[in-house]
Amino acid sequence: EEVAFDAVLGPDASQDKVFDAVAAGPVREALDRLSSAAFVAFGPTGGGKTFVVTGGAKRFADRGLIPRSISALFEALSARADRGDFKVA
């Protein structure tokens, strides 16, 4: 069976690079289209799925997809002229 990938990132890819490759576009599109976005991590036990999704607790640069997505969403909302039309709950 053939499997297609949008991107393949090496083991040394930074959390920032992972976010840019995987989540930045869908987060922007979710706000523009008023739709939802979901990220699913697959891999073996110990492969780093939790770290990629939630991030590390010791360094700000190690934030994962979820905290980066929340930050990007609020940054995008605050830059919009119609930001008063949105309710975040």
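Residues numbered from 1 in each chain as written. Predicted model: local features only at pLDDT ≥ 70, side-chain atom pairs only at ≥ 80, totals over all residues. Heavy atoms only, no water.

Attention now moves to helix α4 (residues 65–79). Taking 1.5 Å per residue as the helical rise, α4 with its 15 residues ought to reach 21 Å, and the 21 Å between its terminal C-alpha atoms agrees with that figure. Those residues of α4 lying buried are Leu65, Arg68, Ser69 and Leu77. Seen from one end, α4 has its buried residues packed into an arc of 165 degrees, which puts them on one side. On its buried side, α4 packs onto α1 (15–22), α2 (24–33) and α3 (49–54). (Helix = DSSP H or I, 4+ residues; strand = E, 2+ residues; numbered from the N terminus. Expected span 1.5 Å × (residues − 1). Buried < 20%, exposed > 50% of the residue type's maximum accessible area, 1.4 Å probe, protein only. Arc of directions from axis to C-beta. Contact = heavy atoms within 4.5 Å.)

Next up on the list: the environment of alanine 41. You can see alanine 41 is positioned in the loop between α2 and α3. Taking the C-alpha atoms as reference points, alanine 41 and lysine 58, 17 residues apart in sequence, are found 22 Å from one another. The residues contacting alanine 41, other than those within four sequence positions of it, are Lys49 and Val53.

The next subject is the side chain of arginine 63. Secondary-structure assignment places arginine 63 in the loop between α3 and α4. Despite its burial, arginine 63 pairs with no opposite charge, the nearest such side chain being aspartate 16 at 6.1 Å. Apart from residues no more than four positions distant in its own chain, arginine 63 is found in contact with Gln15, Thr54, Gly55, Arg68 and Ser71. (Lys, Arg positive; Asp, Glu negative; His and termini not counted. Salt bridge = Lys/Arg side-chain N within 4 Å of Asp/Glu carboxyl O.)

Right, let's talk about the pattern of salt bridges for a bit. Note that side chains of opposite charge can pair when their charged atoms are close. For the structure shown, the criterion picks out 4 salt bridges. A salt bridge links arginine 68 to aspartate 16, with the nearest nitrogen and oxygen atoms 3.4 Å apart. Of this pair, arginine 68 sits in helix α4 while aspartate 16 sits in helix α1, placing them 52 residues apart in sequence. What makes aspartate 16 partly exposed here is its relative accessible area of 41%. Between aspartate 82 and arginine 80 there is a salt bridge, with its nearest N and O atoms 2.8 Å apart. For arginine 80, a relative accessible area of 23% puts it in the partly exposed group. Among the charged side chains, a network of salt bridges with common partners joins Asp32, Arg80 and Asp82.

So, about the nonpolar core. Val18, Phe19, Ala23, Ala24 and Leu65 together form the largest nonpolar core, which totals 5 residues. The residues touching leucine 65, leaving out its near neighbours within four places in the chain, are Val18, Phe19, Val22, Ala23, Phe39, Val52 and Val53. (Core = buried A, V, L, I, M, F, W, Y, C linked by side-chain atoms within 4.5 Å.)

This part covers the side chain of serine 69. As for its placement among the helices and strands, serine 69 is situated in helix α4. On the basis of relative accessibility, which here comes to 10%, the residue serine 69 falls in the buried class. Among the polar contacts listed, one links the side chain of serine 69 to the backbone oxygen of leucine 65, at a separation of 2.6 Å. With residues near it in sequence (within four places) discarded, serine 69 still touches Phe19, Ala23, Val27 and Phe39. (Polar contact = N/O pair within 3.5 Å; in protein donor to acceptor, adjacent residues only side chain to side chain.)

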